[in-house]
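The lines below spell out each chain.
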Amino acid sequence: MLEPGINQHFQKSYPCVLAIGGHDPCSGAGIIADSQSLLALKAWPLTLITATTSQNTHQVDRVYPQSAEVFAEQLETLTRDLRPKAIKLGVLGSLEIQQVLVEWLQRHPDIPLILDPVVSSTSGQSFLDASQLEHFLEHLLPLASVITPNLPELALLAPRPAATAQKARELIRRGCKAVLVTGTHAETQAVRNQLYTSLNSSVIISRWPRLPHEYHGSGCTLAAALAALLARGESLEIASNLAQDFTWHSLKQALQLSEGQHLPLRIKDNQHA
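Residues numbered from 1 in each chain as written. Predicted model: local features only at pLDDT ≥ 70, side-chain atom pairs only at ≥ 80, totals over all residues. Heavy atoms only, no water.

Undergrad: Report on the overall build of the chain, specifying residues and quantitative values.
TA: Broken down by element type, the chain carries 9 helices and 9 strands. In terms of overall size, the chain behaves like a compact globule, its C-alpha atoms giving a radius of gyration of 18 Å where 273 residues would be expected to give roughly 19 Å. Its C-alpha atoms give the chain principal-axis dimensions of about 60 × 40 × 40 Å. A total of 273 residues make up the chain; the buried ones form 51% of that total. If you sum the accessible surface of the chain, you get close to 13300 Å²; carbon and sulfur atoms cover 52% of it. (Helix = DSSP H or I, 4+ residues; strand = E, 2+ residues; numbered from the N terminus. Rg over C-alpha atoms; globule rule 2.2 N^0.38 Å. Buried < 20%, exposed > 50% of the residue type's maximum accessible area, 1.4 Å probe, protein only. Areas by Shrake-Rupley, 256 points an atom, 1.4 Å probe, with all protein chains shown as cover.)

If you want it as structure tokens, here you go:
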């Protein structure tokens, strides 16, 4: 049995992070991926499911949003007991759930909010319709501490500016505090990620060796890792670098359990069980 002082030490070293998103039955993405990343980085996952899905490592067939009324009740009940140190949002399910979230987030502006803007799956299944996207940009984006789009997601969120830097700064102009753009979709030898922290600051560029496969849940891994590190008190710049490193190693040691996409193995410091 642990002594009381030791037990309290462990409790304090695992800050709660609220992960809100969809359920992926193959555990590559979604809530389970978030939980794996959070625990690996010593944060305790609080989880709320916005939607269930029919999907596998090849494709997403259908998305089944949860009742917004039930979701609102779960959110209030959970956070009445456990206060998160950071929040990570993935698939949001419906406009009604987004509206519930915005109202709750406006009452808790001090909690860092990490947005993983899951617009569509690799197989083409859309997660945001036009009304959801408009509400996202108008009401949810301005509440974000950082948003983590890949290049196609950035193009949808900021369609008018031409260059990546202009698009990222357009999101900041709309109220988001920082933008971490991932470059996995670019046809470059190395993956080039870009962190923008204000309208006028210089971009912080990170380069990572490009890995050879397709991966299911890389965006979830990055955003959840970033949430864990921010919850632990790291600065955005340090958290961004550490989260990218954790994600890269999770992909490097990914499992191929089918003929579909590889599944990231989210174990810190390559410590296989």
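Undergrad: Can you break down the state of the cysteines residue by residue, with the values?
TA: Inspection of the entire model under this criterion finds 0 disulfides. Of all cysteine sulfurs in the structure, the one in Cys26 sits closest to Cys220, which takes part in no disulfide; the separation is 10 Å. (Disulfide = S-S within 2.5 Å.)

Undergrad: Describe the pattern of salt bridges, and please don't skip the residues or the numbers.
TA: Inspection of every chain in the model, using the stated rule, returns 7 salt bridges. Among the ionic pairs, Glu76 bridges to Arg107, the shortest N-O distance being 2.6 Å. Here the residue Glu76 occupies a position in helix H3 (residues 68-81), and Arg107 occupies one in the loop between helix H4 (95-106) and strand S5 (113-115), the gap between them amounting to 31 residues. Relative accessible area serves as the criterion here: at 31%, Glu76 is assigned to the partly exposed category. Since its relative accessible area comes to 41%, Arg107 is described here as partly exposed. Salt-bridge contacts for Arg173 lead to Glu170; the nearest nitrogen and oxygen are separated by 2.8 Å. Of the two residues, Arg173 and Glu170 both sit in helix H7 (residues 164-173), 3 residues apart, roughly one turn of that helix. What makes Arg173 exposed here is its relative accessible area of 53%. Taking relative accessible area as the criterion, Glu170 reaches 15% and is therefore assigned buried. In the salt-bridge network here, residues are joined through shared partners; they are Asp34, Lys88 and Asp116. (Salt bridge = Lys/Arg side-chain N within 4 Å of Asp/Glu carboxyl O.)

Undergrad: Tell me about the environment of Val146, residues and numbers included.
TA: Relative to the helices and strands, Val146 resides in strand S6 (residues 146-147). According to the relative accessible area criterion, Val146 is buried, its value standing at 0%. For the pair Val146 and His262, spaced 116 residues apart in the sequence, the C-alpha separation amounts to 27 Å. With near-sequence residues (within four places) excluded, Val146 lies in contact with Leu113, Ile114, Leu115, Cys176, Ala178, Val179, Leu180, Leu226, Leu230 and Leu236. (Contact = heavy atoms within 4.5 Å.)

Undergrad: Got a sec to walk through the environment of Ser240? Specific residues and values, please.
TA: Turning to its location among the elements, Ser240 is positioned in helix H9 (residues 236-252). Overall, the relative accessible area of 2% leaves Ser240 in the buried class. With 10 residues separating them along the chain, Ser240 and Leu230 place their C-alpha atoms 9.0 Å apart. Discounting chain neighbours no more than four positions away, the residues touching Ser240 are Leu180, Leu195 and Leu226.

Undergrad: Report on the environment of Glu69, specifying residues and quantitative values.
TA: Residue placement: Glu69 occurs in helix H3. Sequence separation between Glu69 and Val100 is 31 residues; the distance between their C-alpha atoms is 8.6 Å.

Undergrad: Can you tell me about the pairing of strand S1 (residues 16-23), naming the residues and giving the values?
TA: Among the 8 residues that make up S1, 7 are buried, leaving the element largely enclosed by the rest of the structure. Taken together, the 8 bridges between S1 and strand S2 (residues 44-55) define a ladder with parallel strand orientation. Across the sheet, Cys16 pairs through a bridge with Trp44, a residue of S2. Each parallel crossover has a hand, and the one from S1 via helix H2 (residues 30-40) to S2 is right-handed. Sheet analysis places S1 next to strand S4 (residues 86-89), joined by 4 bridges and oriented parallel. Considered in S4, the bridge of Ala19 is made with Lys88. (Pairing = 2+ DSSP bridges. Right-handed = clockwise from strand over helix to strand, strands pointing away.)

Undergrad: Break down the packing of H2 against helix H8 (residues 218-231) for me, with residues and values.
TA: Running from amino to carboxyl end, H2 crosses H8 at an angle of 45°, the nearest separation of the two axes being 8 Å. On the basis of the axis angle, H2 is oblique to H8. Crossing angle aside, the handedness with which H2 passes H8 is right-handed. Together, Gly30, Ala33, Asp34, Ser37 and Leu38 of H2 and Cys220, Thr221, Ala224, Ala225 and Ala228 of H8 make up the contact between the two elements. For the contact of H2 with H8, the per-class residue count stands at 6 nonpolar, 3 polar and 1 charged. (Axes fitted to C-alpha atoms, helices over the stretch in contact; angles between N-to-C directions. Parallel < 35°, antiparallel > 145°, perpendicular 65-115°, else oblique. Left-handed = near helix turned anticlockwise from the far one by under 90°. Nonpolar A, V, L, I, M, F, W, Y, C, P; charged D, E, K, R; others polar.)

Undergrad: Can you break down the side chain of Ser13 residue by residue, with the values?
TA: Position of Ser13 among the secondary structure elements: in the loop between helix H1 (4-12) and S1. If sequence neighbours within four positions are ignored, Ser13 has contacts with Lys42 and Arg232.

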